[in-house]
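Next come the chains, spelled out residue by residue.
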Amino acid sequence: QVQLVESGGGLVQAGGSLRLSCAASGRTFSTYNMGWFRQPPGKEREFVGGVYKSGGRAYADSVKGRFTISRDNDKNTMSLQMNSLKPEDTAVYYCAAGRGMLLTAPGLYDYWGQGTQVTVSS
């Protein structure tokens, strides 16, 4: 069992930055692949980026070059550094943990956080 708690969301102007954190409970964090997803208002949940337990990363095309994911297995945390934010980045952001081979598929994740709101004003 893994419990995930996101933090760091808020309101920021376009062009600004935010850093989201995901804190995980339990001793098995290092055995999970981790992902960030977001759900914009009125839209479906979408993949933002993820990091394999091995350290390999993947990003959605819409955030490449602007967002960076890191994980610290000693601290059971994952972070999402978001730079050059755009109004279209406005969404509820979720972290997730799973053991599937594909980071981009939400159905392959077993555990989800409650989400944190990110609002980017123009």
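Okay, so let's go over this structure.

Scoring rules and cut-offs
- Residues numbered from 1 in each chain as written.
- Predicted model: local features only at pLDDT ≥ 70, side-chain atom pairs only at ≥ 80, totals over all residues.
- Heavy atoms only, no water.
- Disulfide = S-S within 2.5 Å.
- Helix = DSSP H or I, 4+ residues; strand = E, 2+ residues; numbered from the N terminus.
- Buried < 20%, exposed > 50% of the residue type's maximum accessible area, 1.4 Å probe, protein only.
- Salt bridge = Lys/Arg side-chain N within 4 Å of Asp/Glu carboxyl O.
- Core = buried A, V, L, I, M, F, W, Y, C linked by side-chain atoms within 4.5 Å.

Turning next to the state of the cysteines. Within this structure, the stated rule accounts for 1 disulfide. Between the sulfur atoms of Cys 22 and its disulfide mate Cys 95 the distance is 2.1 Å. Between Cys 22 and Cys 95 the disulfide shows an S-S torsion of about 60 degrees. By sign, it is right-handed. Residue Cys 22 is located in strand β3 (residues 18-24), and its partner Cys 95 is located in strand β9 (residues 91-98); the two are separated by 73 residues in the primary sequence. Cys 95 carries the same exposure label as Cys 22, and that label is buried.

Moving on, we come to unusual backbone geometry. A positive phi angle is found at Asn 76, which is not glycine, with a value near 55 degrees. Residue class for Asn 76 comes out buried when judged on its relative accessible area of 15%. A positive phi angle, close to 50 degrees, is found at Ser 84, a residue other than glycine. When you line up the elements, Ser 84 lands in the loop between β8 (77-82) and β9.

This structure, assessed with the given rule, holds 4 salt bridges. Between Arg 38 and Asp 89 there is a salt bridge whose closest N-O contact spans 2.9 Å. Pair noted here: Arg 38 is in strand β4 (residues 33-39) and Asp 89 is in the loop between β8 and β9, with a separation of 51 residues, a long-range link. For the pair formed by Arg 38 and Asp 89, the shared burial category is buried. The residue Asp 89 makes a salt bridge to Arg 66 at a minimum N-O spacing of 2.8 Å. Of the two residues, Asp 89 is situated in the loop between β8 and β9 and Arg 66 in the loop between β6 (57-59) and β7 (67-72); the sequence distance between them amounts to 23 residues. Each of the two residues, Asp 89 as well as Arg 66, counts as buried.

What follows is about the nonpolar core. If you look at the biggest cluster of nonpolar residues, it comprises 33 residues, and the most contacted ones within it are Leu 4, Met 34, Trp 36, Met 78, Leu 80, Met 82 and Tyr 93. Of all the secondary structure elements, the ones that give two or more residues to this core are β3, β4, β5 (46-51), β7, β8, β9, β10 (109-112) and β11 (116-121). Of all the elements, β9 adds the most residues to this core, at 5 residues.

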